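Read off the chains here:
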Amino acid sequence: MTTRNTTQDRENPDRENPDPRSLVSRALATLLETGGTEALAPLLSDGFTHHRPGGSTSTKEQWLAAVEAALVPTAGMKVEIDHLLADGDHVVVHSRRELPGGARPIVVVDIWRIEDGRIAEGWEVIEPVAAATANLSWWAPADR
């Protein structure tokens, strides 16, 4: 995977108690640089929960296994982090991702909650860039 990270704060010298933005930035960089979840696992709390639209959730072990399984089909993915914002114990990451070979790009918004220096909870919304226009008037009745 390759990445272009527009944030300047990729490393935090205080690794024992990093600020939330630095912790999430380090977690993303670790995943992208190593291409595996082994170094990511210690950054997650034991009670980590990942949420997806539709009410599905996964535990730390389930989420790490899903991320690990996705690493092979997404090898070489280009990740561009457009925004990495923090407010208290929450961090929001807005990114664009594209697979090699001209696959349709997606936009991803991740929200992470930090507790006791670890990532405790995550929410994720994924939208294909091509579908964005169709969702601009989500309140309008669908054409039948």
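Residues numbered from 1 in each chain as written. Predicted model: local features only at pLDDT ≥ 70, side-chain atom pairs only at ≥ 80, totals over all residues. Heavy atoms only, no water.

Caption draft 1: Expanded view of the layout of surface pockets. Put simply, the largest pocket is a space of about 670 Å³. Lining the largest pocket are 33 residues, and of these Leu 31, Trp 63, Val 67, Arg 97 and Glu 124 lie nearest its centre. Secondary structure elements with two or more residues in the lining of the largest pocket: α1 (20–34), β2 (44–51), β3 (57–59), α2 (60–71), β4 (78–87), β5 (90–98), β6 (106–115) and β7 (118–128). With six residues, α2 is the single largest residue contributor to the lining of the largest pocket. Its residues placed into classes, the lining of the largest pocket shows 21 nonpolar, eight polar and four charged. (1 Å grid on protein atoms, 1.4 Å probe; cavity = no way out; pocket = protein on both sides within 12 Å on 5 of 7 lines; lining within 4 Å. Points joined across faces, edges and corners; volume = space filled by probe spheres on them. Helix = DSSP H or I, 4+ residues; strand = E, 2+ residues; numbered from the N terminus. Nonpolar A, V, L, I, M, F, W, Y, C, P; charged D, E, K, R; others polar.)

Caption draft 2: Region of the structure containing the environment of Pro 105. Here Pro 105 is to be found in the loop between β5 and β6. Separated by 28 residues in sequence, Pro 105 and Met 77 have C-alpha atoms that sit 9.9 Å apart. Beyond its immediate sequence surroundings of up to four residues, Pro 105 is in contact with Arg 97, Glu 98, Pro 128 and Val 129. (Contact = heavy atoms within 4.5 Å.)

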